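Reading the structure
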Amino acid sequence: MHVRKYLSKFFLSLITLPVLVFIFFPVLWLLMASFSTQVELFSIPPHWIPLHPTIQNYLDIFVPSLAASTVPRTFAVSIWNSFRIASMVTIICVMIGSLAAYALVRIPFKMNRAIQLGIMGTRMIPEVSLVLPLFMIASTLKWINKPVVLVVTYLSFALPYTIWLLMTYFQTVPIELEEAARLDGCNRLGILFRVVMPISIPGLISTGMFVFLLAWDEFFYALIFTSTLASKTAPVAISEFVGRYSVNITGMMAGGILAALPPVILAFLFQRYIVRGMTAGAVKG
Amino acid sequence: MAQLSKPMVKRPFSLRQQDARVAWLLLVPSLIVLLGVTFWPILYTFILSFQNAPSGINQVRTFVGLGNYLEMLKDTGFWETIGRTMYFTVASVSVELILGLAVAQLIHSRPWGWKFLRFSLIIPWAVPTIVNGSMWRWIYSADFGALNGVLMQLGLIKHYIPWLTFPNLAMPLVIVADVWHMMPFVALILQAALAGLPAELDEAASVDGANAWQRFWKIRFPLLRPAILVALIARTVDAFRVFDIVYILTNGGPASKTMTITYLTYLNSFSYGKQGIGAALSFLISFFTIAMAIIYIRVLYRPEEN
């Protein structure tokens, strides 16, 4: 019996190997390629591990010199743009979304259910259904090619998502705590800011992480609203270069790795919260 | 997906009306934002979908009633695009669900390194869609791609092959890229659901002589249904609107073989200058996704399980 158990564990473990290869082969190849020279990348048969590894591709992005091609210079700016925009979206969403989520979860009033339904409904609307009017407003305000246009338009999907995630979080805050505070003479806002918010900090932070990932990942609005170097995000920079033939491919690969790093690191730091957030939010492009 | 929550009403000491005023105060910032960036735009798009609206500053719009919708429904290209989008959706979602369920069950069986496997699943999910798309475009590359490299070293091909130029192969290749990205999402959700099931059920069935296969299908699978529903709806809604990965991998080509409905909407609105058609198309996308969500809920949701 013991031997059989051991054997079955052994076979199960064998099955994990192809799964791990499927997960890791693409990213490891990309990682290796980003450390090779353009010449070596094109060698046939391929050098899976570069014979002459170089960090030049990364150096070009971090320390842009005039000698470097447009690829690394664009990446340096666009990754910074992505970072600014995603951070702003995250801060705004968590700040105003937490207030709304609390009201919807704990304060009974006439329109409560209707507003919940409305917010849930907006999450079914595809970006492409909103983009034409948003484009018209943005042109009127002369916001095209300014980072602010992405901060504002990203709220269209990020804010309902934030409210939804935080609602599921606030539901887990024991109501007895609030009642106790109320008996102690706290009013509604006092309860919210002195009792509920402080104990919800883990929820606010993990929600913020999800919103950041969502904004970092966004491509459609960024493609339509930004095209200048000063405003475009990392996904747009990648998409512009990827179609061109005579472009610095290893430089782009380094850029791709750098664009993937912040979300991957965040996801690892917040591992514990990820599955719960996935189940509650259940939307990520 | 969370249930609509009923606020708890158990506060004899509260002033109801004052509370309602506070609620509105808390909601106002979010409602103003949503009014501006979702409610007003969706209404505008709705009106636009009944207009002939060429893009351009001085173009005059005319009311055409259901004209845009009828024009699309009569267009065979539209139905081909719907068919292609369904192909992508059904194929990628079912592969993701089957593989995801298998991987979740694998982790649940605790092989050596199961923690590492669960940890690894986060990587593909966290990689941004555009990075994922370009990575696969490079993997499929005819000049330096890893796919050609592997096949060559295994002796399966003699020359590098331009994979993405074959019309019938392009969509399956896009699907593989999407599966790599999103299968982990399904696997992680289902794995968490499996971990939440009471272990006694399984043990009891085991004592009664049920084998592993029966225990999976008769005991765990039915209990997993709510989690499967969540994963299925989330993935289907996303897959039906697919844009990013198609844009970066194939640009809808070759020969429009990977042209999906959102891509067609994008082209109509921003390249062909037919905003009215674009608006109508975008409403059909919402219609299809909502219809699919309702079908799933009807088929899979059993209230007594909640």
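Note that the structure is predicted; figures quoted are calculated from it, not measured.

We now examine the overall build of chain B. On a plain count of helices and strands, chain B comes out with 13 helices and 2 strands. Against the compact-globule benchmark of 19 Å for 306 residues, chain B has a radius of gyration of 24 Å, which places it well outside the compact range. Overall, the C-alpha framework of chain B stretches about 80 × 75 × 30 Å when taken along its three principal axes. Relative to its 306 residues, chain B shows a buried fraction of 42%.

Our next topic: the overall build of chain A. For chain A, the helix and strand inventory stands at 14 helices and 0 strands. For chain A, the succession of helices and strands along the chain, N to C, is α-α-α-α-α-α-α-α-α-α-α-α-α-α. The C-alpha atoms of chain A give a radius of gyration of 24 Å, which is well past the 19 Å a tight globule of 285 residues would have. For chain A, the spread of C-alpha atoms along the three principal axes comes to 75 × 75 × 35 Å. Taken across its 285 residues, chain A has 49% of its residues classed as buried.

Here the focus is helix α6 (residues 129–139) of chain B. Burial of α6(B) is extensive: 11 of the 11 residues sit out of reach of the surface. Among the residues making up α6(B), those that are buried are B:T129, B:I130, B:V131, B:N132, B:G133, B:S134, B:M135, B:W136, B:R137, B:W138 and B:I139.

Residue and element names in this part refer to chain B. Per-chain confidence: chain B averages 87 in pLDDT, with 92% of residues scoring 70 or above. Confidence scores differ between elements of chain B, with helix α9 (residues 199–207) showing the lowest mean pLDDT of 80 and helix α3 (residues 76–108) the highest of 95. With a pTM of 0.90, the predicted complex shows an ipTM of 0.91.

Here we come to unusual backbone geometry. The step from A:I44 to A:P45 runs through a cis peptide bond, and the omega angle for that step is -5°. Inspection of the secondary structure assignment puts A:P45 in the loop between α2 (38–41) and α3 (56–62). Backbone geometry at B:A255 places phi at a positive 50°, although glycine is not the residue there. Relative to the elements of secondary structure, B:A255 occurs in the loop between α11 (244–249) and α12 (261–270). The class of B:A255 is exposed, set by 11 C-beta atoms lying within 10 Å. Phi at B:S256 is positive, roughly 60°, even though this residue is not glycine. Summarising the element assignment, B:S256 is placed in the loop between α11 and α12.

Moving on: the environment of A:T153. Here A:T153 is to be found in helix α7 (residues 147–170). For the pair A:T153 and A:P235, spaced 82 residues apart in the sequence, the C-alpha separation amounts to 16 Å. Non-local contacts of A:T153, meaning those with residues more than four positions away in its chain, are made with A:L134, A:Y221, A:F225 and B:V37.

Okay, the nonpolar core next. By size, the foremost hydrophobic cluster in this structure holds 164 residues, and its most contacted members are A:V89 and A:A158. For A:A158, the contacting residues outside a window of four places in its chain are A:V89, A:C93, A:V211, A:L214 and A:A215.

With that out of the way, let us pick up the interface of chain B and chain A. Every contact between the two is made by 82 residues of chain B and, on the other side, 83 residues of chain A. With 18 residues, the top contributor of residues to the side of chain B that touches chain A is helix α1 (residues 16–48) of chain B. In terms of residue class, the side of chain B that touches chain A is made up of 57 nonpolar, 19 polar and 6 charged.

Another aspect to go through is the environment of A:I175. Considering the arrangement of structural elements, one finds A:I175 in helix α8 (residues 175–183). For the pair formed by A:I175 and A:V196, sequence separation is 21 residues and the distance between their alpha carbons is 9.7 Å.

It is worth spelling out the environment of B:H108 at this point. Residue and element names in this part refer to chain B. Here H108 is to be found in helix α3. A C-alpha to C-alpha distance of 31 Å links H108 and I245, two positions 137 residues apart in sequence. Other than its neighbours up to four places away in sequence, H108 contacts Q191, L194 and A195.

The subject of this paragraph is the packing of helix α12 (residues 234–242) of chain A against helix α13 (residues 249–269) of chain A. Residues and elements named next belong to chain A. As a packed pair, α12 and α13 sit with axes 11 Å apart at the nearest point and diverge in direction by 155°. As the angle between them shows, α12 and α13 are arranged roughly antiparallel. Where α12 crosses over α13, the handedness of that crossing is left-handed. Residues A234, I238, F241 and V242 of α12 pack against M252, G255, G256 and A259 of α13. Residue composition of the contact of α12 with α13, grouped by class: 6 nonpolar, 2 polar and no charged.

As a further point, take the packing of helix α2 (residues 67–74) of chain B against helix α13 (residues 275–300) of chain B. All names here are of chain B. It is the contact of α2 with α13, at a shortest axis distance of 9 Å, that shows an interaxial angle of 75°. Relative to α13, α2 is oriented roughly perpendicular. From α2, N68, Y69, E71 and M72 reach across to α13, where they touch G276, I277, A280 and L281. A breakdown of the residues in the contact of α2 with α13 according to their chemical character gives 5 nonpolar, 2 polar and 1 charged.

Conventions we followed
Residues numbered from 1 in each chain as written. Chains lettered and ligands numbered in written order. Predicted model: local features only at pLDDT ≥ 70, side-chain atom pairs only at ≥ 80, totals over all residues. Helix = DSSP H or I, 4+ residues; strand = E, 2+ residues; numbered from the N terminus. Rg over C-alpha atoms; globule rule 2.2 N^0.38 Å. Buried ≥ 20, exposed ≤ 12 C-beta atoms within 10 Å, placed from the backbone. pLDDT = per-residue confidence, 0-100. Contact = placed C-beta atoms within 7 Å. Core = buried A, V, L, I, M, F, W, Y, C linked by C-beta atoms within 7 Å. Nonpolar A, V, L, I, M, F, W, Y, C, P; charged D, E, K, R; others polar. Axes fitted to C-alpha atoms, helices over the stretch in contact; angles between N-to-C directions. Parallel < 35°, antiparallel > 145°, perpendicular 65-115°, else oblique. Left-handed = near helix turned anticlockwise from the far one by under 90°.

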